[in-house]
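Close look at the chain arrangement
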Amino acid sequence: MTDTETRLYRTMARIRHFELAASRLMASGKLAGSLHVSIGQEAVAAGVCDTLRTSDYITTTHRGHGHCIAKGGGLEPMMAELFGREGGYCGGRSGSMHIADPRAGILGANAIVGAGIPIALGGAFAAMRRGDHGVAVAFFGEGAVAQGVFHESLNLAALWRLPVVFVCENNLYAELTPVGVHLAAERVADLASAYRIPASQVDGNDALAVRAEAAKAVQRARDGDGPTLLECMTYRWHGHFEGDPQRYRDAEEVQRWKDADPLVKLAAAAPDRADAFARVEAEAEREVAEAVEAAQRAPEPPPSSVLADVYAAEGVR
Ligand SMILES: Cc1ncc(C[n+]2csc(CCOP(=O)(O)OP(=O)(O)O)c2C)c(N)n1
Ligand SMILES: [Mg+2]
């Protein structure tokens, strides 16, 4: 069993290299659809998921590769899905934004802003009914906080003391809109008190700090003490989507956040682990390269499969 720091660094390196590869592939025209990467935000996924069991649940968003990787999603089926290949998590029919793996507790990425939050409540409710001390985590951006479903979910989770942790990745923008324009509250964490839910705000680029706060929240949930909200302050280095011209922010702001790179931050906090970090980073890069190769070799889904898994297909046949 590796130490916490090396585990966190490994997870962040796997996310970073997966998304760097995906970004390059998208730029070179090898991937279809749209792609939202979380480069710069890796510490949130790594820190939170390090406190979870395989049987715990997560739900995520359109920017969900990191959460899926941190929760135990496979690089190969994820990459194959991005390529639209048969071996992908959804048989190549969904692309980046609907990756799910129930065996790893990944109840799904979700292209609808806020829509993953109530699904996590369902996971938490199921765990509560089973009595197995399972926990569900809902990852969402600060853009989801203005959606009614966020408030409905906090209300119900508090009333039913559901074992759920709400993790808001506040990366200061929703699409092209800065948070000060789309959210009346100054801190997302402040909204939780209206529902009598404990909350805290944490440096979302500090994997150890995220892990420490998440560990407390997850333990509360496991102990039957109900939900917690965690607001993680972070930043995406890339545009909202790959290809975004980013006219809404300036280069200095992006650079300031690049200087707060979560991987560099963890490396600085654990200088004695430098060799281990270099080893796991090289391994991550290799694993991603292998996943890309495997995905490219994988077959395309046959045209005859086009109606598979389509619920309303009867009348079409
Ligand atoms: C219900 C809904 N409204 C609008 C959109 C279009 N949309 C896609 S991503 C996004 C912004 C999301 O911002 P945030 O939740 O902060 O996540 P981030 O992209 O910053 O990770 C919007 C408005 C959508 N997908 N779903
Ligand atoms: Mg955002």
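Predicted, not measured: the structure shown is a model, and the values here were computed from it.

Calculation rules
- Per chain, residue numbering runs from 1 following the sequence as it is written.
- Just so you know, chain letters begin at A and ligand numbers begin at 1, following the order they were written in.
- With the structure being a predicted model, the display of local features is reserved for residues of pLDDT at least 70 and the display and counting of side-chain atom pairs for 80 or more, all residues being used for whole-chain, interface and lining totals.
- Side-chain descriptors were evaluated using all non-hydrogen atoms of the structure, hydrogens and water having been removed beforehand.
- For two strands to be treated as a pair, DSSP must find no fewer than two bridges joining them.
- We count a stretch as a helix when DSSP gives it H or I for four or more residues in a row; a strand needs E for two or more, and each element gets its number in order from the N terminus.
- In this analysis an axis means a line fitted to C-alpha atoms, helices contributing only their contacting stretch, and an angle means the value between N-to-C directions, from 0 to 180 degrees.
- Contacts are assigned to residue pairs with any non-hydrogen atoms lying within 4.5 Å of each other.
- Buried residues are those whose accessible area, probed at 1.4 Å on protein chains only, stays under 20% of the maximum for their type, while exposed residues exceed 50% and partly exposed ones sit between those limits.
- Donors, by definition, are the N, O and S atoms found within 2.8 Å of a metal, the threshold being 3.2 Å for Na, K and Ca, and water is not counted, so a site can look incomplete.

1. Some remarks on the sheet that holds strand S2 (residues 136-141)
Strand order across the open sheet formed by five strands is S1-S2-S3-S7-S6, with parallel pairing between neighbours. Here the strands that pair on one side only, and so sit at the sheet edges, are strand S1 (57-59) and strand S6 (199-203). Put simply, the sheet's adjacent strands are angled 20 degrees from each other on average, direction ignored. Judged from the three bridges that link them, S1 and S2 form a sheet pairing that is parallel. Within S2, the position partnered with Ile 58 by the bridge is Val 137. Helix H6 (residues 148-159) contacts S2, strand S3 (164-170) and strand S7 (228-233) of the sheet and is inclined by roughly 150 degrees relative to S3.

2. A few points about helix H4 (residues 75-82)
Burial analysis of H4 places six of its eight residues in the buried class, which makes it a mostly covered element. Among the residues making up H4, those that are buried are Leu 75, Met 78, Met 79, Ala 80, Glu 81 and Leu 82. For H4, the secondary structure elements touched by its buried residues are helix H1 (4-27), helix H3 (65-70) and helix H12 (274-297). The positive-phi residue at the C-terminal boundary of H4 is Gly 84, with phi of around 70 degrees.

3. Comments concerning the coordination of the magnesium ion (ligand 2)
Summarising the metal site, the magnesium ion (ligand 2) is bound by the protein donors Glu 142 (OE), Asn 171 (OD1) and Tyr 173 (O), whose distances to it range over 2.1 to 2.2 Å. Mapped onto the polypeptide sequence, the residues donating to the magnesium ion (ligand 2) form the spacing pattern E-x28-N-x1-Y. Here Tyr 173 lies in strand S4 (residues 173-174) and Glu 142 lies in the loop between S2 and H6, a separation of 31 residues in the sequence.

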